[in-house]
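So the chains spell out like this:
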Amino acid sequence: MNLRAVIAEALGTFVLVVVGSMSIVSATGIGQGSGGVIILLVAPFGFGLGLLAAITLFGHASGGHFNPAVTLAAVFDGRVDVPNAILYVIAQVVGAVAASFAILLILSKDLVDATRNGPGVGDWQAFGAEVILTTIFVGVIMTVTKKQPTLAPLVISLTLVMVHFAAIPISGASVNPARALGPAIVVGNYAKVWIYLTAPMLGGLLGWGLYKVFTTNEDDVEIEFEDEDELAAEIDDLPGR
């Protein structure tokens, strides 16, 4: 067990959920009577930038999952083993619950309840939206962390912003079972939570499938050298040489 990584997953999920949820609360207060337009404009950036902060702070320690759907995809891809994945998911849920509990202490139970995911359409329509958007989200994560890891924090965070713009009015834009469970557990309101426990996990598997189908080792960027002398010169320029 990598205790440092497990703690990083809990803290990173806390940052993601507390920043995202507080952005919903703040937007709700600002946008009273605006028909939810302010929430749609503010909340996506709250979650996206919250994720960026979490990845920056803790991603190097754990891989920056902060989401059981991402951890599931990582298991299937061999990036994390099952025992550590179970600990990751537990840590993610603990972090999300702690974030919602912090909002309860700072504000109120009613405002925590306002941060729960809730479908604006029928249950199965919301389920479909969560599956599709989690598939895209996880597919992007798996691909960019493999092919362009230096761009991963920005690309992943902007993808989460896109997900929230697309789905807040439809499903509440969870794509993360831990994020959905946090406020549900704190307020004891589990209405519709089955959507957000099942659809993102299915989307996580499909996202991994997209990555596996369309990404091969041949896609890796390789440095080509014209001759052995050029290769030797590049090696000599490496740090420590």
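Not measured: the values here are computed from a predicted model.

Student: Looking at this structure, I do not really get the pattern of salt bridges. What am I missing?
Tutor: Oppositely charged side chains can form a pair if their charged atoms are brought close together. Scanning the model with the defined rule gives four salt bridges in all. D77 is the partner of R79 in a salt bridge, and the nearest nitrogen-oxygen pair spans 2.8 Å. Look at R79 and you get partly exposed, because its relative accessible area is 38%. Overlapping salt bridges bring together D77, R79 and K212 as one network.

Student: Hey, could you run me through the nonpolar core in this one?
Tutor: The nonpolar side chains of a soluble globular protein tend to be buried with one another. Judged by nonpolar contacts, the single largest core of 31 residues is most densely connected at L51, F66, F137, I156 and L160. Ranked by residues supplied to this core, first place goes to helix 2 (residues 37-62) with seven residues. Setting aside residues up to four positions removed in sequence, F66 forms contacts with A8, E9, G12, T13, L16, L51, A54, I55, F58, G59, Q92 and N176.

Student: I would appreciate a short explanation of the confidence of the model for the chain in the present structure.
Tutor: If pLDDT is low for a region, its predicted coordinates should not be looked at in detail. Taken residue by residue, the chain gives an average pLDDT of 89. The fraction at 70 or more is 87%. The element-level mean pLDDT for the chain is lowest in helix 10 (residues 228-236), coming to 50, with helix 3 (residues 68-76) highest at 98. For residues 221-226, every residue scores under 50 in pLDDT, and the model assigns this stretch three contacts once sequence neighbours within four places are set aside.

Student: Is there a simple way to explain the environment of I156 in this structure?
Tutor: Locating I156 in the fold gives a position in helix 7 (residues 152-167). In sequence terms I156 and L51 are 105 residues apart; their C-alpha atoms lie 8.3 Å from each other. Setting aside residues no more than four positions away along its own chain, I156 makes contact with L51, I55, F137, I141, V144 and T145.

Student: Sorry if this is basic, but what is going on with the packing of aromatic side chains here?
Tutor: Here a ring pair, both rings aromatic, is described through the centre-centre distance and the interplanar angle of the planes. All told, the structure shown has five aromatic pairs when counted by the stated rule. One aromatic cluster is present, built from ring pairs that chain together W124, F127 and W194. The side chain of R79 reaches across the aromatic face of Y211, ending 5.3 Å from its centre.

Student: Before we go on, may I ask you to explain helix 7 in this structure?
Tutor: Side chains three or four residues apart in an α-helix point the same way, a direct result of the helix having 3.6 residues per turn. An ideal rise of 1.5 Å per residue puts 22 Å on 16 residues; helix 7 measures up with 22 Å between its terminal C-alpha atoms. Taken residue by residue, helix 7 has A152, I156, S157, T159, L160, V161, V163, H164 and A167 as its buried positions.

Student: What is the right way to read helix 9 (residues 193-214) from this model?
Tutor: An ideal rise of 1.5 Å per residue puts 32 Å on 22 residues; helix 9 measures up with 32 Å between its terminal C-alpha atoms. Burial in helix 9 covers these residues: V193, I195, Y196, A199, P200, G203, G204, G207, W208 and Y211.

Student: What's the story with a nonpolar patch on the surface in this structure? I'm lost.
Tutor: A cluster of nonpolar side chains, V37, L41, V42, F45, L49 and F165, forms an exposed patch at the surface whose accessible area comes to about 510 Å². Here the nonpolar patch gets five residues from one element, more than from any other, and that element is helix 2. On the secondary structure map, V42 appears in helix 2. With a relative accessible area of 32%, V42 lands in the partly exposed category.

The rules we used
- Residues numbered from 1 in each chain as written.
- Predicted model: local features only at pLDDT ≥ 70, side-chain atom pairs only at ≥ 80, totals over all residues.
- Heavy atoms only, no water.
- Salt bridge = Lys/Arg side-chain N within 4 Å of Asp/Glu carboxyl O.
- Buried < 20%, exposed > 50% of the residue type's maximum accessible area, 1.4 Å probe, protein only.
- Core = buried A, V, L, I, M, F, W, Y, C linked by side-chain atoms within 4.5 Å.
- Helix = DSSP H or I, 4+ residues; strand = E, 2+ residues; numbered from the N terminus.
- Contact = heavy atoms within 4.5 Å.
- pLDDT = per-residue confidence, 0-100.
- Phe/Tyr/Trp six-rings, centres within 6.5 Å; stacked < 30°, edge-to-face > 60°.
- Lys NZ or Arg CZ within 6 Å of the ring centre and 35° of its normal.
- Expected span 1.5 Å × (residues − 1).
- Patch = residues over 30% accessible without salt bridge, like charges linked within 9 Å, V, L, I, M, F, W, Y side chains within 5 Å.
- Areas by Shrake-Rupley, 256 points an atom, 1.4 Å probe, with all protein chains shown as cover.

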